[in-house]
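Residues per chain are reported as follows:
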Amino acid sequence: MGLFDIFTKKKINTLFPTIPMSSQIAIERGIVTWQGADQRSFVDDGYVANDIVYSIIKLITDKAKIAPFHVYKVVDEKAAKKYKSLAAQKDINLKELETLHKKAYELYTGDQRLNELLKYPNEEDCWSDLVEQWCGFKLITGNSFIYGKLIEAGNNQGKPYELFALPSQFMAIIANINVFPPTRAGYQLYYGQMWSFDTREILHDKYFNPQWGVTGGQLYGQSPLRAAAKNLTRSNEAKTAAVASFQNGGPAGVLFMNDERFDPTSGQAQAQALKTAVSQKGGSANFNSIAVSGYKVDWKQIGLSPVELNIIESEKWDLKALCNIYGVPSQLLNDSDSKTYNNQREGEKALTLRCAIPLLNALTENLNRKLHTDWGYKGTNLYVDYDISVYGELEANKSEQTDWLDKAWWISPKQKLDIMNIEVPDYIPTEELEKLYIPTGLQTIDQFQPLTIPDNLNS
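Participant: Would you mind going over the sheet that holds strand β9 (residues 202–206) with me for this structure?
Facilitator: Adjacent strands of a sheet form backbone hydrogen bonds with each other and so pair up, either parallel or antiparallel. Pairing is antiparallel in the open sheet, where 3 strands are placed in the order β5-β4-β9. The open sheet terminates on both sides in strands that have one partner only, identified here as β5 (160–166) and β9. Adjacent strand axes in the sheet meet at a mean angle of 20°, parallel and antiparallel pairs treated alike. Both strand β4 (residues 143–150) and β5 contribute to a ladder of 6 bridges, which runs antiparallel. Pairing of tyrosine 147 across the sheet is with phenylalanine 164, part of β5.

Shown next as structure tokens:
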């Protein structure tokens, strides 16, 4: 399927006849705000050309796309709000979240079309592919544009039957600047030719952008790479300089005779002999061996190595800086100098909490907002959500949890098993597990009796 086969082949003035393309009328009724040059550079010079940016974004998207999505029915609004609030925190109690989720939602299979959409959003992608594209475009450009092909008639009119992630570096927002604040009047895709979409068809997910402008530039999200533009440029230039140094560096220096006895005119034979002696000492077998000359010689360096140019060191700092921009622990990208987290599991947990879950929360909220406004599910209590339980690194440390529960005598064994997510054994009576077992040998300080030494032992 071709890229533009996903569109309905509608040219620009068929969807937006009230927004002509002449500049004069566009200023009066609406204006196209276009950031294509910057957005394209974030893709071309960032994700495509820079190995650090590529690795960071792939690390995040690989983590985000493993979470399965399901259709749920909201059964407890209060519990649902509390669940959303707790899921947005940076220190998650997975057991508490799972319990709250079961209280707030129940799995819903009544809408086969919506459930099928969460498996295969279009003929080319599975849902995890769409999540990867959705999150990837947002991480690179600050924006994700999801195109929903809507059913045009029948009982399911207005509901999406296919979803596509559009290339955000080629997207433009048509802004109505005659109202305050400026609002979206439509969307356009510039790629080979111009394709137009109305606001109902496009779901726009974006990062916060504080740069307001009279043309509605704030309607776009700010790319994290905009804040890291200098680091990105330095990283790319450092790699270019290193390659140039290897390819065009030439000889590292000049070895020459520095002896009054040496006659440049008649001493070519001695110079050639010196060159031969030095070249014969190359290779691993001659490591640390010494070449001997009967003349006094000298050496002048004429080039700088990548180490001397501080290229390698600057690349290490670029890795740390770009990781900081995205909130990724740099140790997950083989940064041996940064061991902020004690082990790999803690690093993976930080990646999930700081990077993947915020993206998934925003995706979920924007998808549900669109479903309940423009995509045919207004007035229903259906809710699309991801299964957070797949992130095993969010579970409490079993060793620490066991030590703590062993001392918590005020918690019954049955509750302890529930906390540890262990099934209750059938061979133990339930009433025994619900009792509190108080440790023996403990007493209050006023009950403490000091040891009395007999008089005959004091003498």
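Participant: How should helix α6 (residues 94–104) be read in this particular structure?
Facilitator: Structurally, the α-helix is built with 3.6 residues per turn, so residues lying three or four positions apart point the same way. Three or more residues of α6 are buried, namely Leu94, Leu97, Leu100, His101 and Ala104. Buried residues of α6, seen end-on, are gathered within an arc of 125° and therefore sit on one face of the element. Packed against the buried residues of α6 are β2 (69–74), α5 (77–87), β3 (105–107) and β12 (382–386).

Participant: Explain the confidence of the model for the protein here, please?
Facilitator: When pLDDT is low, close inspection of the predicted coordinates is not appropriate. Per-residue confidence for the protein averages 79 on the pLDDT scale, and 74% of its residues sit at or above 70. Segment residues 1–37: pLDDT under 50, and 88 contacts once partners within four positions in sequence are set aside and those in other chains are kept.

Participant: Mind showing me how you'd approach unusual backbone geometry here?
Facilitator: If a residue is not glycine, its phi is most likely negative; likewise, a peptide bond is most likely trans. For the bond running from phenylalanine 180 to proline 181, omega is -5°, close enough to zero to count as cis. Within the fold, proline 181 resides in the loop between β6 (171–176) and β7 (183–191).

Participant: When you look at the packing of aromatic side chains in this model, what are you seeing that I'm missing?
Facilitator: Applying the stated criterion across every chain yields a total of 11 aromatic pairs. Considering the side-chain rings of tyrosine 72 and tyrosine 105, the 5.9 Å spacing of their centres and the 50° angle between planes classify their relative orientation as tilted. Of this pair, tyrosine 72 sits in strand β2 while tyrosine 105 sits in strand β3, placing them 33 residues apart in sequence. Judged by relative accessible area, which is 8%, tyrosine 72 ranks as buried.

Participant: What am I meant to see in the pairing of β6 here?
Facilitator: In summary, the side chains of a regular strand alternate between the two faces of the sheet. Counting buried positions along β6 gives 5 out of 6 residues, so the element sits mostly inside the fold. Judged from the 6 bridges that link them, β6 and β7 form a sheet pairing that is antiparallel. Across the sheet, the residue bridging to alanine 172 is glutamine 188, located in β7. Between β6 and β7, which pair antiparallel and follow one another directly, the connecting turn spans 6 residues.

Participant: Would you take a moment to explain the state of the cysteines for this structure?
Facilitator: Chemically, a disulfide is nothing more than a covalent bond linking the sulfur atoms of two cysteines. Applying the stated criterion across every chain, the model contains 0 disulfides. Cysteine 355 provides the cysteine sulfur closest to cysteine 323, a residue in no disulfide bond, and the two sulfurs are 9.0 Å apart.

Participant: Can you help me understand the nonpolar core in this one?
Facilitator: General note: in soluble globular proteins, nonpolar side chains tend to be found buried as a group. Membership of the largest hydrophobic core comes to 69 residues, with the highest contact counts inside it found for Ile56, Ile60, Phe69 and Ile388. The biggest single contributor to this core is helix α13 (residues 344–371), with 10 residues. Those residues within four positions of phenylalanine 69 in sequence are excluded, and the remaining contacts are Leu118, Trp127, Val131, Leu360, Leu363, Thr364, Val384, Asp385 and Tyr386. Listed in part, the 16 residues of the second largest apolar core include Leu166, Trp195, Ile202 and Leu219.

Rules and cut-offs
- Residues numbered from 1 in each chain as written.
- Predicted model: local features only at pLDDT ≥ 70, side-chain atom pairs only at ≥ 80, totals over all residues.
- Heavy atoms only, no water.
- Pairing = 2+ DSSP bridges.
- Helix = DSSP H or I, 4+ residues; strand = E, 2+ residues; numbered from the N terminus.
- Axes fitted to C-alpha atoms, helices over the stretch in contact; angles between N-to-C directions.
- Buried < 20%, exposed > 50% of the residue type's maximum accessible area, 1.4 Å probe, protein only.
- Arc of directions from axis to C-beta.
- Contact = heavy atoms within 4.5 Å.
- pLDDT = per-residue confidence, 0-100.
- Phe/Tyr/Trp six-rings, centres within 6.5 Å; stacked < 30°, edge-to-face > 60°.
- Disulfide = S-S within 2.5 Å.
- Core = buried A, V, L, I, M, F, W, Y, C linked by side-chain atoms within 4.5 Å.

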